[in-house]
Amino acid sequence: MSEKRIVIDPITRIEGHLRIEVVVDENNVVKEAYSGSTLWRGLEQIVKNRDPRDAGFFMQRICGVCTYSHYRAGIVAVENALGIKPPLNAELTRTLMNAALYLHDHIVHFYQLHGMDWADVVSALSADVHKASEEAFKYTSTPFATGADKLKEVKERVEAFVKKGNLGPFANAYWGHSTYKFTPEQNLIVLSHYLECLSIQRTAAQMMAIFGAKNPHPQSLTVGGVTCVMDLMDPARMGEYMSKFAEIKEFVDRAYYPDILMAAKAYANEPSVLNDVGVSNLFCYDEFLIGKNDHLFKGGIILNGDLSKVYDIDEDKITEEATRAWYKNDKALHPYDGETEANYTGLVDGESIDGEGKLAHSKLFDTKGKYSWIKAPRYDGMPMQVGPIASIVINYAKGNERVKKVVDEFLAKSGLPLSAVFSTLGRTAARMLEAKVVAEHTMDAFNALIENLKTDQETCTKYVIDNKKEYKGNFQGNAPRGALSHWCRIKDGVISNWQAVVPSTWNASPKDAKGQMGSYEACLVGMKIADLSKPLEIIRKIHSYDPCIACAVHVMDTKGNDLSTYKINPNL
Ligand code: NFE
Ligand code: MG
């Protein structure tokens with residue numbers, strides 16, 4: 001048999017429940033790709049018949065990473081349904097919390113979740129620390145990883161792991177793979193930032209907790225506004241936010257940005273990270289209100305990679321279907337009328353390549369039938385790619401000056417054309433550029449808030465829920481992984497339907513009734529794999545989307561039994 005199947009499960013470094021299967025031909029070129037989630041959580045079912053004021057608290061449990069995104073989405077969807085507009089102070093506070101989330105998420109993604117797909121830890125151990133210290137100055141005049149002594153210490157810390165025969169967090173990787181392109185010195189620079197990022201991300205979590213009370217799963221949003229009034233009125237707390245933000249911005253400027261610039265140069269000729277747009281339709285929403293009616297990123301749609309036209313979003317054109325997903329409904333339904341009824345049909349027997357490169361018996365996706373818990377979202381029947389790549393490209397095409405300035409500067413420094421963004425390298429660079437744009441403008445929102453508080457102390461809008469009325473409303477905005485929407489219906493004072501259409505659902509989508517692939521699948525087809533038993537190229541590509549499968553599929557009982565029944569009366 002000339003065709004072979006490779007199975008990677010789990011593929012994520014975060015809460016992994018993503019399984020990728022590819023079929024390769026006799027030349028090791030990917031012919032077919034299947035992206036499937038092996039977990040179902042069903043939060044859309046859990047909120048049914050509950051008080052809409054509680055929805056945000058449930059929704060944020062979709063994920064332990066972008067908790068704030070779903071929290072805000074759960075709150076805003078209900079506000080939208082009830083026709084409530086929160087005061088500007090509340091909106092800007094929500095932006096400051098969102099900045100904490102984005103900065104946290106993006107730096108952790110590059111260093112802890114994805115960086116080791118680009119930097120080879122074992123190679124770093126043979127670096128010349130003096131040369132590495134000099135190398136860092138090629139990408140910024142103020143590098144974070146500088147000083148031979150500091151880099152020597154990093155090397156010794158990791159060497160100690162290796163000597164114990166225990167690579168700890170660096171175990172089970174494909175060190176030495178032929179597609180790693182950094183020199184040992186460059187690897188050491190990234191490794192040193194990997195270790196620094198462990199403490200920087202703690203600061204980002206604290207930054208969220210200033211207004212959110214805790215992290216993950218902050219607590220200070222409520223339908224109508226925010227509850228962190230004492231913090232907003234306390235100059236010491238505001239100062240604390242500023243100083244933590246400054247620490248993270250410095251890391252973005254002196255470590256994250258130069259490391260991506262270094263990767264753009266080192267990987268400029270590595271075919272497995274170039275020219276793999278995946279789905280070339282891009283989709284993002286307005287996001288980051290930094291002043292009255294002023295969003296840092298604007299929404300829109302680009303079709304077939306054509307930057308000459310950005311289309312407005314028509315929310316009526318969004319659907320989800322489950323022809324190839326383990327749910328009952330096969331019809332494309334608008335999320336207001338979406339259904340989430342499980343229909344698990346299982347895996348099938350077959351053979352796949354094992355860690356030694358030999359064929360072995362394996363359970364495989366049923367590639368003719370259903371193979372994922374992730375639904376297939378579509379816009380006007382088309383798959384979309386979402387994420388920082390969409391925000392960056394769409395805003396560049398719209399001529400958004402705040403984005404253009406950052407992107408043009410990076411393209412000039414890296415020597416890459418804008419079209420290079422349509423790749424694995426581009427997705428990874430776009431995420432850094434998005435972090436950079438957010439970092440450049442977080443203080444705009446902060447200053448707008450301080451200014452507004454001088455004359456207006458409103459933090460919450462009053463409202464009543466009329467139990468005799470039916471309501472429907474949505475949240476449409478971006479999360480760190482891309483376009484996010486939540487859709488709710490309220491009847492008799494309780495939630496009658498709730499659907500979340502999430503960034504990783506768009507990108508990790510299985511095929512639809514027409515056989516159209518989602519972006520994970522599309523970007524893999526046509527790629528050549530150097531060594532079938534070490535498919536680093538697949539891992540690197542999929543990680544460049546920053547997959548989050550808990551989000552994508554949103555108390556699971558594996559036998560499908562009801563665990564408890566609760567009755568909620570919001571009128572009591
Ligand atoms: Ni669980 Fe999420 C983000 C959302 S998923 S991380 O960002 O929404 O794609
Ligand atoms: Mg959903």
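Definitions and limits used
- Residues numbered from 1 in each chain as written.
- Chains lettered and ligands numbered in written order.
- Predicted model: local features only at pLDDT ≥ 70, side-chain atom pairs only at ≥ 80, totals over all residues.
- Heavy atoms only, no water.
- Phe/Tyr/Trp six-rings, centres within 6.5 Å; stacked < 30°, edge-to-face > 60°.
- Helix = DSSP H or I, 4+ residues; strand = E, 2+ residues; numbered from the N terminus.
- Buried < 20%, exposed > 50% of the residue type's maximum accessible area, 1.4 Å probe, protein only.
- Pairing = 2+ DSSP bridges.
- Axes fitted to C-alpha atoms, helices over the stretch in contact; angles between N-to-C directions.
- Contact = heavy atoms within 4.5 Å.
- UniProt positions renumbered as here; feature names shortened; annotations may be inferred.
- Donors = N, O, S within 2.8 Å, 3.2 Å for Na, K, Ca; no water.
- Tetrahedral: all angles 85-135°; square planar, octahedral: opposite > 155°, others 65-115°.

Draft legend 1. The packing of aromatic side chains, seen in detail. Taken as a whole and judged by the stated rule, the model has 27 aromatic pairs. Ring centres of tyrosine 102 and phenylalanine 288 lie 4.8 Å apart, and the angle between their planes is 75°; on these two criteria the pair is classed as edge-to-face. Taken together, the positions of tyrosine 102 in helix α4 (residues 88-118) and phenylalanine 288 in strand β7 (residues 287-291) put the pair 186 residues apart, joining distant regions of the chain. Neither residue differs from the other here; tyrosine 102 and phenylalanine 288 are each classed as buried. Judged by centre distance (5.8 Å) and plane angle (25°), the rings of phenylalanine 110 and tyrosine 256 are stacked. One end of the pair, phenylalanine 110, is in helix α4; the other, tyrosine 256, is in helix α10 (residues 235-266), with 146 residues separating them in the sequence. The class for tyrosine 256 is buried, based on a relative accessible area of 1%. Three or more aromatic residues link up through ring pairs in this structure, and these residues are Phe110, Tyr111, Phe144, Phe251 and Tyr256.

Draft legend 2. Representation of the sheet that holds strand β15 (residues 482-491). Within the open sheet, the three strands sit side by side as β14-β15-β16. Their pairing is antiparallel. Every interior strand has two partners, whereas the edge strands, β14 (471-479) and β16 (494-501), have only one. On average, each strand axis in the sheet is inclined to that of its neighbour by 15°, with strand direction left out of account. Pairing analysis gives seven bridges linking β15 to β16, with the strands arranged antiparallel. Bridge pairing in β16 places cysteine 488 opposite tryptophan 498. In the packing of helix α3 (residues 67-82) onto the sheet, the strands contacted are β14, β15 and β16, and the crossing angle to β14 comes to about 145°.

Draft legend 3. Here's a closer look at the UniProt feature "binding site: Fe cation" (unreviewed entry) in the protein chain. Look at the UniProt record and you will see "binding site: Fe cation" (unreviewed entry) annotated at Cys66 and Cys551. Taken together, the annotated residues stretch across 486 residues yet fold into one region, lying no more than 8.2 Å apart by C-alpha. Relative to the elements of secondary structure, cysteine 66 occurs in the loop between α2 (55-59) and α3. Setting aside its immediate chain neighbours within four residues, cysteine 66 contacts Leu101, Pro480, Arg481 and Cys551. Within the element layout of this structure, cysteine 551 appears in helix α17 (residues 549-553). Leave out the neighbours within four places in its chain, and cysteine 551 touches Ile62, Cys63, Cys66, His70, Val502 and Thr505.

Draft legend 4. Looking closely at the coordination of the nickel atom of ligand 1. Within the protein, the nickel atom of ligand 1 binds to Cys63 (SG), Cys548 (SG) and Cys551 (SG); these donor distances fall in the range 2.1 to 2.4 Å. For the nickel atom of ligand 1, the four donor atoms in the first shell make angles of 95 to 121° at the metal, so the coordination geometry reads as tetrahedral. Of note, the donors binding the nickel atom of ligand 1 are all from one chain and are spaced C-x484-C-x2-C. In this model, the nickel atom of ligand 1 sits 3.3 Å from the iron atom of ligand 1, the two metals being bridged by cysteine 551. Residue classification places cysteine 548 among the buried positions, given a relative accessible area of 0%.

Draft legend 5. Expanded view of the pairing of β15. Burial analysis of β15 places eight of its 10 residues in the buried class, the great majority of the element. With nine bridges joining them, β14 and β15 adopt antiparallel strand pairing. Looking at β15, one finds that glycine 477 is bridged to leucine 484. Between β14 and β15, which pair antiparallel and follow one another directly, the connecting turn spans two residues. Between β15 and β16, which pair antiparallel one after the other, the connecting turn spans two residues, and aspartate 492 there sits at a positive phi close to 55°.

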